[in-house]
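# A closer look at the structure
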Amino acid sequence: MIIVGGPASNGIDEKLSEMLNVKLVKAEHKIFPDGESYIRIPESVRGEEVVIVQSTYYPQDKHLMELLLMIEAVKNLGASKIISIIPYLAYARQDRRFKDGEALSLKIVLNLIYESGSDELITVEPHKPDAVISYFKGNVKIVDPTPALAREIKKEVENPFVLAPDRGALERAERLAKEINSPYSHIEKERDRTTGEVRIKEAPHLDLHGKDVVLIDDIISTGGTLAQASQLSYNLGARKVIAAATHVLLVNDAYDKLTRAGIKSIIGTNTIKVENKNVKIADISDLIAVKL
Ligand code: R5P
């Protein structure tokens with residue numbers, strides 16, 4: 001086995017190489033003056049099982065293109081099998097056509113990865129795992145980041161209550177609640193499919209008095225969802241609110257929005273290169289390693 005580290009591996013390639021005692025080859029990369037990407041694999045991988053590590057956080061299209069070029073180059077060099085580790089899989093939220101005429105982004109992205117030559121895909125908690133499994137024509141392995149997130153969350157809370165910001169996130173909340181030995185529930189969210197605006201509904205049935213609420217989601221993008229969930233949690237009596245998510249994109253003023261909403265701590269994982277040093281990062285490399 002050989003690991004090929006891409007420009008957006010965020011150090012996970014090096015960690016896997018050390019943990020598994022497997023050779024690491026760094027892909028050479030540059031951007032041509034006109035903006036096009038260039039990739040070269042500088043060593044032979046003939047006959048080897050090759051594990052390519054490349055996340056697809058911002059700029060998503062650039063990182064996705066680099067991934068496709070790495071797969072093509074590795075295949076051309078004669079690898080016996082190609083496994084793509086994509087810690088954050090971009091476009092995963094557009095997993096269906098919400099309105100007529102929309103592109104099914106997830107499906108075309110997964111087709112491109114498969115048709116470029118990737119036999120297997122390993123990714124960390126995509127928005128809907130079943131959609132990834134059904135659209136990727138090769139083998140798919142999903143990494144559950146809960147144990148890594150839980151390790152960090154336990155340092156921050158005393159009397160936890162895990163809260164999912166929508167019904168779709170309830171199963172994730174249940175996994176985390178088991179891991180940190182906490183009760184859990186969910187609230188309800190509506191999203192305007194044209195403006196992207198979210199609205200969290202009132203939850204009179206929930207009593208969060210004295211609780212350290214742990215909001216858990218797959219992604220923090222604009223922060224709108226968790227900011228509203230935090231305000232509602234305080235209205236319901238929460239003592240303190242923290243936020244945890246697998247992929248902390250933190251777009252634009254998301255961090256300020258979350259802190260203004262009273263969120264005391266934000267925990268994410270290293271699937272994304274998070275520039276904001278106040279975000280606590282849980283390493284998921286060991287959870288990926290066991291899938292290889
Ligand atoms: C959507 O269903 C996801 O699970 C997240 O709740 C959403 O992507 C978060 O986005 P934002 O931070 O922009 O509200």
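Here, every reference points to the structure presented above.
We now turn to the structure provided with this report. (Residues numbered from 1 in each chain as written. Predicted model: local features only at pLDDT ≥ 70, side-chain atom pairs only at ≥ 80, totals over all residues. Heavy atoms only, no water.)

## Comments concerning the sheet that holds strand S16 (residues 280–282)
Taken together, 6 strands build an open sheet; the order of strands is S10-S9-S13-S14-S15-S16 and the sheet is parallel. Because the sheet does not close on itself, it has two edges, and the strands there are strand S10 (184–186) and S16. Sheet twist, expressed as the average angle between the axes of neighbouring strands with direction ignored, equals 25°. Bridge count for strand S9 (residues 160–164) against S10 is 3 bridges, and the pairing is parallel. In the sheet register, Leu-163 faces S10, and the bridge partner there is Ser-185. The strands touched by helix H5 (residues 146–153) within the sheet are strand S13 (212–220), strand S14 (240–248), strand S15 (263–269) and S16, with S15 carrying the most contacts at an inclination of about 150°. (Pairing = 2+ DSSP bridges. Helix = DSSP H or I, 4+ residues; strand = E, 2+ residues; numbered from the N terminus. Axes fitted to C-alpha atoms, helices over the stretch in contact; angles between N-to-C directions. Contact = heavy atoms within 4.5 Å.)

## Examining unusual backbone geometry
Note the cis peptide between Tyr-58 and Pro-59, where omega equals -5°. Of note, Leu-250 is a non-glycine position whose phi angle comes to about 45°, a positive value. Turning to its location among the elements, Leu-250 is positioned in the loop between S14 and helix H8 (254–260). For Leu-250, a relative accessible area of 15% gives the class buried. (Buried < 20%, exposed > 50% of the residue type's maximum accessible area, 1.4 Å probe, protein only.)

## With respect to empty space enclosed by the protein
If you roll a probe as big as a water molecule over the atoms, it shows you where there is empty space left. Under the definition given, this model contains 1 cavity of 30 Å³ or more. Lining the largest cavity, in full, are Tyr-88, Leu-89, Ala-92, Val-124, Glu-125, Pro-126, His-127, Ile-219 and His-247. Along the lines of polarity and charge, the residues of the lining of the largest cavity split into 6 nonpolar, 2 polar and 1 charged. (1 Å grid on protein atoms, 1.4 Å probe; cavity = no way out; pocket = protein on both sides within 12 Å on 5 of 7 lines; lining within 4 Å. Points joined across faces, edges and corners; volume = space filled by probe spheres on them. Nonpolar A, V, L, I, M, F, W, Y, C, P; charged D, E, K, R; others polar.)

## Some words on the layout of surface pockets
For the largest pocket, the calculated volume is near 990 Å³. Lining the largest pocket are 36 residues, and of these Arg-93, His-127, Lys-189, Arg-191 and Arg-193 lie nearest its centre. If you list the elements that add at least two residues to the lining of the largest pocket, you get helix H6 (170–180), strand S11 (189–191), S13 and helix H7 (224–235). Here the lining of the largest pocket is built from residues that sort into 8 nonpolar, 11 polar and 17 charged. In terms of lining residues, the second largest pocket is bounded by 26 residues, among which Tyr-57, Tyr-58, Gln-60, Leu-249 and Ile-272 are the most central. Counted by class, the lining of the second largest pocket contains 16 nonpolar, 7 polar and 3 charged residues. Both of domain 1 (2–143) and domain 2 (146–282) provide at least three residues apiece to the lining of the second largest pocket. (Domains from an automatic or database assignment.)

## Details of the site of the ligand
As a matter of local geometry, the ligand sits amid 14 residues, with Arg-93, Asp-217, Asp-218, Thr-222 and Thr-225 nearest to it. Arg-93 is positioned such that a nitrogen or oxygen atom in its side chain is 2.8 Å from an oxygen atom of the ligand. In this structure, Lys-189 approaches the ligand through a side-chain N or O atom, which is 2.9 Å from an oxygen atom. A total of 370 Å² of accessible area belongs to the ligand in isolation, and the protein chains cover 91% of it. The cavity where the ligand resides is the largest pocket. Elements with a minimum of two residues in the shell around the ligand: S11, S13 and H7. Of the residues forming the shell around the ligand, the biggest block, 4 residues, is contributed by S13. Here the shell around the ligand is composed, by residue class, of 2 nonpolar, 6 polar and 6 charged. (Near = heavy atom within 4 Å. Polar contact = N/O pair within 3.5 Å; in protein donor to acceptor, adjacent residues only side chain to side chain. Areas by Shrake-Rupley, 256 points an atom, 1.4 Å probe, with all protein chains shown as cover. Sits in = over half its atoms within 2 Å of the grid points.)

## Describing the sheet that holds strand S8 (residues 139–143)
The strands making up a sheet are joined through hydrogen bonds of the backbone, oriented either antiparallel or parallel. With respect to topology, 6 strands assemble into an open sheet ordered S2-S1-S5-S6-S7-S8, the strand pairing being parallel. Strands with a single pairing partner mark the edges of an open sheet, and in this sheet they are strand S2 (23–26) and S8. Here the average twist between neighbouring strands, direction ignored, is 20°. Bridge count for strand S6 (residues 81–86) against strand S7 (residues 120–124) is 4 bridges, and the pairing is parallel. Its bridge partner being in S7, Ser-84 is matched across the sheet by Leu-121. With respect to the sheet, helix H2 (residues 60–76) is in contact with strand S1 (2–5), strand S5 (49–53) and S6, its orientation differing from that of S6 by roughly 165°.

Everything listed is a geometric property; what it means functionally is a separate question.
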